[in-house]
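Reading the structure
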Amino acid sequence: MTSVTLKEVSKKFGSVQVCHNIDLDIKAGEFITLLGSSGCGKTTTLNMVAGLEDSTSGDILIGGRRVNDLSPVERDVAMVFQNYALYPHMTVAQNIGFTLKMRSVAPAIIREKVQKLAASLELDHLLERFPAQLSGGQQQRVAIGRALVREPRIFLFDEPFSNLDASLRVKMRTEVKQLHVQRNVTSIFVTHDQEEAMSISDRIAVMYRGRVEQFGTPEEIYARPATRYVASFIGSPQIELLDGLIEEANGATFVRAGQKALPVSIGPSSLKAGRAVEFGVRPEHVRLGVNGIEGRVRILQPIGPATHVTIDTAAGTFIASVPGFLRVKPGDAVNIEIQAANLHMFDKETGLRV
Ligand SMILES: Nc1ncnc2c1ncn2[C@@H]1O[C@H](COP(=O)(O)OP(=O)(O)O)[C@@H](O)[C@H]1O
Ligand SMILES: [Mg+2]
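What you see is a predicted model, and the numbers here were worked out from it, not measured in a lab. (Residues numbered from 1 in each chain as written. Chains lettered and ligands numbered in written order. Predicted model: local features only at pLDDT ≥ 70, side-chain atom pairs only at ≥ 80, totals over all residues. Heavy atoms only, no water.)

**Describing the site of ligand 1**
- Around ligand 1 sit Phe13, Val18, Ser37, Ser38, Gly39, Cys40, Gly41, Lys42, Thr43 and Thr44, and those are all the residues in its vicinity.
- Looking at the shell around ligand 1 element by element, the count peaks at 3 residues for helix α1 (residues 42–50).
- Partitioning the shell around ligand 1 into residue classes produces 3 nonpolar, 6 polar and 1 charged. (Near = heavy atom within 4 Å. Helix = DSSP H or I, 4+ residues; strand = E, 2+ residues; numbered from the N terminus. Nonpolar A, V, L, I, M, F, W, Y, C, P; charged D, E, K, R; others polar.)

**Observations concerning helix α3 (residues 92–102)**
- Every buried residue of α3 is listed here: Val92, Asn95, Ile96, Gly97 and Leu100.
- Structurally, α3 contributes buried residues whose contacts are with α4 (107–120) and α5 (136–148). (Buried < 20%, exposed > 50% of the residue type's maximum accessible area, 1.4 Å probe, protein only. Contact = heavy atoms within 4.5 Å.)

**Regarding the nonpolar core**
- Residues Ile96, Ile144 and Phe155 are the most contacted members of the largest nonpolar core, which totals 33 residues.
- Broken down by element, this core gets its largest block of residues, 5 residues, from α5.
- Discounting residues that sit within four places of it in the chain, Ile96 has contacts with Val114, Leu117, Leu123, Val142, Gly145, Arg146 and Val149.
- The next biggest cluster of nonpolar side chains, apart from the first, holds 26 residues, and it includes Ile26, Leu46, Met48 and Ala50. (Core = buried A, V, L, I, M, F, W, Y, C linked by side-chain atoms within 4.5 Å.)

**Some points on the domain arrangement of the protein chain**
- Entries for the protein chain in the domain assignment read domain 1 (4–224) and domain 2 (242–347).
- Taking only C-alpha atoms into account, the centre of domain 1 sits 40 Å from that of domain 2. (Domains from an automatic or database assignment.)

**Focus: the sheet that holds strand β9 (residues 203–208)**
- The 6 strands lie next to each other as β6-β7-β8-β3-β9-β10, forming an open sheet whose pairing is mixed. Edge positions in the sheet fall to β6 (77–80) and β10 (211–216), since each has one partner strand and no second. Each neighbouring strand pair of the sheet contributes to a mean axis angle of 15°, computed without reference to strand direction.
- Across 4 bridges, the pairing between β6 and strand β7 (residues 154–158) is parallel. Each bridged residue has a counterpart across the sheet, and for Val80 the counterpart in β7 is Phe157. (Pairing = 2+ DSSP bridges. Axes fitted to C-alpha atoms, helices over the stretch in contact; angles between N-to-C directions.)

**Comments concerning the packing of α3 against α4**
- Viewed as axis vectors pointing N to C, α3 and α4 meet at an angle of 130°, and their least axial separation amounts to 10 Å. Classified by the angle their axes make, α3 and α4 are oblique. Pair α3 / α4 crosses with right-handed handedness. Facing Ala93, Ile96, Gly97, Leu100 and Lys101 of α3, the residues of α4 in contact are Ile110, Lys113, Val114 and Leu117.
- Taken together, the residues of the contact of α3 with α4 break down into 6 nonpolar, 1 polar and 2 charged. (Parallel < 35°, antiparallel > 145°, perpendicular 65-115°, else oblique. Left-handed = near helix turned anticlockwise from the far one by under 90°.)

Right, here's the structure in full:
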């Protein structure tokens, strides 16, 4: 198992800087994800680790050794891309074994390794087929097998499931996680899908405009988002962030939003009265109750296990996620209750958690 470290890694294409001082300390055997919307620098970062792209400045270490000047082969990484481009004229077995053949590994050993890997990827009954005779998911598993067969020190995935339909994506997630549990190869996975990242990762680096906004476990980034961006990017339905103003009354601290001071004290707090914040509550922490903020239901969206309810109040719009199906209708009056512990607050100017 091998650690990977990025130290202040930056990348410019011409005069345009697309990665800014990226610091990541990835432990040996860890599965981490680079998560962010399109264009935030995920692929560029991954390519710099792979050696497919030079960094403009900073150091990249694999297993404690600086690899900036090593080729992709010398770095001993394996990559799986979104466009997995199998060799169309080769069978599944030949595709998986190809890199071993190129390294002049003995045919009997190739056969054994391919067989074993195919079994763990549930491809063993397809070994003699050609790529055109496989489903998208099967092809993607062959691509993963082709990368895994080398037993690389590091595994890099760049949006490998983006071309698959939704149910297959979820299945592939489970398979990749299972493989990681079995083999523990240090892995960096790139995706723009926050749910995929949450479900698969030991830790997630949330990227925004070429910077890492937060690097933490799924629980850390969900429960304690470090920035406004992380709070709104992670979670479905999205957290609604509202403008608020800190107020003090009777020794307690409150947030005023719109014409309303939230009926929750957030004190004792170091927040000074008059400070401008943005705040939000995750939908599952917005409870419908009898006390609390008065509101009116605007929209109901049942999804099965829960119903998402959009509620307008004098403090702003909240989205509640309530278990099961709900008997309320648009236009109904409801009260929402929130607890101080579930409030996420960010400085209005810096966007940093306060
Ligand atoms: N070879 C290149 N030349 C110039 N700009 C590039 C090149 N590759 C990527 N970029 C730019 O760098 C930014 C980050 O791209 P990329 O790393 O591919 O983002 P992501 O994978 O997160 O979608 C984008 O604005 C993209 O247009
Ligand atoms: Mg990309």
